[in-house]
Amino acid sequence: MGGNLKHTGCGLKRKKSSIRPEDIFARYRGNRISGILRIYAATNPGKRSVKCKLHIISPYKDLGLRVEQIEAKARKMYHIT
């Protein structure tokens, strides 16, 4: 966990950002799921700026989601052990 991210077209690789354990939203079949926010500069309609800013979104710090509580509630609701 916490390895450098691959290039996504907007330079996350250049910043040497890495995903920390607290940035993981979920895990599915060995894959870690995280949130990335991509912000582009304002342009004319129909065009997209080549430059953008990328941010790793943390479920709790940025969105107030308590992933463990959501998982526990879902397991109970769907009778998953």
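Quick caveat, the model's predicted, so the values are computed rather than measured.

Section: the overall build of the protein chain
Across its full length, the protein chain carries 2 helices and 3 strands. Going from the N terminus to the C terminus, the protein chain shows its helices and strands as β-β-β-α-α. A burial count over the protein chain gives 17% of its 81 residues as buried. Put simply, the protein chain shows about 7000 Å² of open surface, and 54% of that area lies on carbon and sulfur atoms.

Examining the pattern of salt bridges
Applying the stated criterion to the full structure yields 3 salt bridges. Here Arg-20 ties to Asp-23 by a salt bridge, and the two come within 3.3 Å at their closest N and O atoms. Residue Asp-23 is classed as buried on the basis of its relative accessible area of 2%. Note that Glu-71 and Arg-75 form a salt bridge whose closest N and O atoms lie 3.0 Å from each other. Of this pair, Glu-71 and Arg-75 both sit in helix α2 (residues 67–77), 4 residues apart, which is roughly one turn of that helix. When its relative accessible area of 34% is taken as the criterion, Arg-75 is described as partly exposed. Salt bridges linked by common partners bring Arg-20, Glu-22 and Asp-23 together as one network.

Digging into the side chain of Ser-49
Within the secondary structure, Ser-49 sits in the loop between β2 (31–40) and β3 (52–57). At 3.2 Å, the side chain of Ser-49 and the backbone oxygen of Lys-51 are in polar contact.

Concerning unusual backbone geometry
Within the chain, Arg-29 stands out as a residue other than glycine whose phi angle is a positive 50°. Along the polypeptide, Arg-29 turns up in the loop between β1 (24–28) and β2. Of note in the backbone geometry, His-79 takes a positive phi value of approximately 55° without being a glycine. In this structure, His-79 sits in the segment after α2.

Structural notes on the confidence of the model for the protein chain
With 80% of its residues at a pLDDT of 70 or more, the protein chain has an overall mean of 81. β3 is the least confidently modelled element of the protein chain, averaging 88 in pLDDT, while α2 averages 94, the highest of any element. Here residues 1–7 is a poorly scored stretch, pLDDT under 50, and it has 22 contacts once near neighbours within four places are set aside; other chains count.

So, how was this worked out
- Going along each chain's sequence as written, the residues are numbered from 1 onward.
- Owing to the predicted nature of the model, reporting of local features is limited to residues with pLDDT of at least 70; listing and counting of side-chain atom pairs is limited to 80 or more, with chain, interface and lining totals taken over all residues.
- Derived side-chain values reflect all non-hydrogen atoms in the structure, with water molecules and hydrogen atoms excluded from consideration.
- Secondary structure elements follow DSSP: runs of H or I no shorter than four residues count as helices, runs of E no shorter than two count as strands, and numbering proceeds from the N terminus.
- Whether a residue is buried, partly exposed or exposed follows from its accessible area with a 1.4 Å probe, protein chains only, as a fraction of its type maximum: under 20%, in between, or over 50%, in that order.
- Here the Shrake-Rupley method, with its probe set to 1.4 Å, supplies the accessible areas, and only the displayed protein chains count as covering residues.
- For this document, the term salt bridge refers to a Lys or Arg side-chain nitrogen within 4 Å of an Asp or Glu carboxyl oxygen.
- Polar contacts here mean pairs of N or O atoms no more than 3.5 Å apart (in protein, one a potential hydrogen donor and the other a potential acceptor; neighbouring residues in sequence count only if both atoms are side-chain atoms).
- pLDDT expresses, on a scale from 0 to 100, how confident the predictor is about each individual residue.
- Every residue pair with non-hydrogen atoms within 4.5 Å of one another is taken to be in contact.

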